[in-house]
Amino acid sequence: MTRAEVLRAGAARLADAGLLDPRLDAEVLLAHVLGLPRLSMLIDTTLEVAEAQTQQFQALVSRRATGEPVAYITGVREFWSLEFRVTPATLIPRPDSETMIEAVLRAFPQQVGPENRPLRVLDLGTGSGCLLLSVLHECPGSFGVGVDRSYDAALVAADNAARLGLADRSAFVVSDWAEALSGPFDCILSNPPYIGEEEVLSSEVADFEPRSALFAGAAGLDDYQRIIPDLGRLLAPGGRVFLEVGYTQAEPVGQIAAGAGFLSRVHHDLAGHPRCIECRQAENSLGNGLGNS
């Protein structure tokens, strides 16, 4: 069978399974089997696909037809133009989270800390390490620590650091949030669980991604209430905190931050939704209450 024929059959099966973008999924899976970038694979779809590769592709299509995310099937996901390994122990990085990286780079435009030195970065709930490692990639000389409660997730993050050439500027710790750390850090990142327990998610997320990295009490605020009051002892003078939030959570998370002595501003994602809360200790005011950007 040619690439075109293999793709047509795979896309048809995924369409029958009710998936939203069956053709794209089929292309990504076939490119993975062939060991080619997707666009390179599409340059000539008249080329024959070996029988063994066709069978491998069909097996991957069967997995995708059950709703298993493409990133878990291929084992990789792009974030901030970098390739990260992902497993079911980690959340799949999403483009909306790139808002966090943009906010960090705006806050530290010269890529140095408040004392004119490289940043010391902490990532709470690091998962695949995508936030921490993207910041370190953009900030040469900076060093970071990623923390996760999951040993398996910490192993994935450490592997990604090695794959990206950042192992010498990063370390990964298994801990319940920051209990094992003392600081200080110039930049603290966190994308904690923030889904309410009763919130309905797609089966692709609910059935495959780690529940412990998704849900945080009735309103999705439980982990913010644990993390934020502990930030004061971790943050260096002039340092900043960046928290990912759900699009309805900017105000309540800002209120939690205010109660812990922080002023906040809101950064919006490309869809215009509140996505990142930037916090700074009140004596280094960002303004009155919640700002926007």
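See the structure printed just above.
So, here's what we can say about the structure. For every chain, the first residue of the written sequence is number 1, and numbering continues from 1 onward in sequence order. Only residues with pLDDT of 70 or above have their local features reported here, since the model is predicted, and side-chain atom pairs are shown and tallied only from 80 upward, although totals for entire chains, interfaces and linings are computed over all residues. Excluding hydrogens and water, the side-chain values take into account all heavy atoms of the structure.

Stacked, tilted and edge-to-face pairs are distinguished by plane angle, under 30 degrees for stacked and over 60 for edge-to-face with tilted covering the rest, among Phe, Tyr and Trp rings (Trp via its six-membered ring) whose centres lie within 6.5 Å. One pass over the full model with this rule turns up one aromatic pair. Measuring from ring centre to ring centre gives 6.3 Å for F79 and F84, while their planes differ by 70 degrees; the resulting arrangement is edge-to-face. Exposure classes here rest on a 1.4 Å probe applied to the protein chains alone. A residue is buried below 20% of its type maximum, exposed above 50%, and partly exposed in between. Note on F84: relative accessible area 0%, which makes it buried.

Counting 32 residues, the largest nonpolar core has L122, L124, I188, Y224, I228 and L231 as the members making the most contacts within it. Going through the elements one at a time, β3 (120-124), β4 (143-148), β6 (185-190), α10 (222-227), β7 (235-244), α11 (250-259), β8 (262-268) and β9 (274-281) are the ones with two or more residues in this core. In what follows, a contact means two residues having at least one pair of non-hydrogen atoms within 4.5 Å. Residue contacts for I188: discarding those within four places in its chain leaves L122, L124, L231, L234, L235, R240, V241 and F242. Membership of the second largest hydrophobic core comes to 25 residues, among which are V121, C130, A161 and L166. Among buried residues, the Ala, Val, Leu, Ile, Met, Phe, Trp, Tyr and Cys ones that are joined through side-chain atoms within 4.5 Å form a nonpolar core. We count a stretch as a helix when DSSP gives it H or I for four or more residues in a row; a strand needs E for two or more, and each element gets its number in order from the N terminus.

Mapping N160 onto the fold places it in helix α8 (residues 151-163). When near neighbours in sequence (up to four residues on either side) are disregarded, N160 contacts F84, R85, S128 and L133.

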